Amino acid sequence: VFSGNGKQLLNKKTPYEIITANINESGYHAIATKERGYKSQVLVYNLKDEQIFAWHSTKYHVISLAVANNNHGMIVSVFDVEGGEENAFKTLYFSFGKEKPEEIESGVGNLVANLKSVGNRIYAIGDSAFYAYSENGKKVFNICKKLLTNAQTFGIIISASSAKATRRVWRSTQEAEE
């Protein structure tokens, strides 16, 4: 796993193809891989590189994931090929103390392709919406496609509504400013 400036953050070998990986601000990291007999698996490790959580899915293909900065859970976006068009894309919250995830978003309308932990929030950028979740998976706010016209990666999100001709600036650590 490499940072945006090319610095190597993590070097880990796995017998399976890596789908995606994530490391949070405190060094906890998750790796989603393919695995024989499953559509995907997610393994989470602490600072000592000890596995603290594992999830194997026969149903979902993992797209993206982010470990919360409080190290108690993570959000995972998945694609469900068998769920039908109305339920193809899902966003799941995992508490590391529980075995099964909580479905926090579902539907065909938003493929969440990128998740990022920033402070006490996890941000999700999809093809038709931008979401912010608390570290325990509760939605804090969202911006729908009608407002979302430009998304800079998780620093400042600028959106404009052509209907109301308003501009809003969303900062990763602040509420909306009008």
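Residues numbered from 1 in each chain as written. Predicted model: local features only at pLDDT ≥ 70, side-chain atom pairs only at ≥ 80, totals over all residues. Heavy atoms only, no water.

*Asks:* Honestly, the packing of aromatic side chains in this entry has me stumped. Any pointers?
*Replies:* Pairs of aromatic rings are described using the distance from one ring centre to the other and the angle between the two planes. Counting across every chain of the model gives eight aromatic pairs. Note on Phe 53 and Phe 94: the rings are 5.7 Å apart at their centroids and 65° apart in plane angle, and the pair reads as edge-to-face. Here the residue Phe 53 occupies a position in strand S4 (residues 51-57), and Phe 94 occupies one in strand S7 (residues 89-95), the gap between them amounting to 41 residues. Each of the two residues, Phe 53 as well as Phe 94, counts as buried. Of the aromatic side chains, those joined through ring pairs into one cluster are Phe 53, Trp 55, Tyr 60, Phe 94 and Phe 96. (Phe/Tyr/Trp six-rings, centres within 6.5 Å; stacked < 30°, edge-to-face > 60°. Helix = DSSP H or I, 4+ residues; strand = E, 2+ residues; numbered from the N terminus. Buried < 20%, exposed > 50% of the residue type's maximum accessible area, 1.4 Å probe, protein only.)

*Asks:* Can you walk me through the sheet that holds strand S2 (residues 29-35) in this structure?
*Replies:* Within a beta sheet, neighbouring strands are joined by backbone hydrogen bonds and run either parallel or antiparallel to one another. The strand order across the open sheet built from four strands is S1-S2-S3-S4, with neighbouring strands paired in antiparallel fashion. The outermost strands of the open sheet, each flanked by one partner alone, are strand S1 (18-23) and S4. Averaged over neighbouring strand pairs, the angle between their axes works out to 15° when direction is ignored. Of the pairings in the sheet, the one linking S1 to S2 comprises five bridges and is antiparallel in character. Each residue of the ladder has a partner; that of Thr 20, found in S2, is Ala 32. (Pairing = 2+ DSSP bridges. Axes fitted to C-alpha atoms, helices over the stretch in contact; angles between N-to-C directions.)

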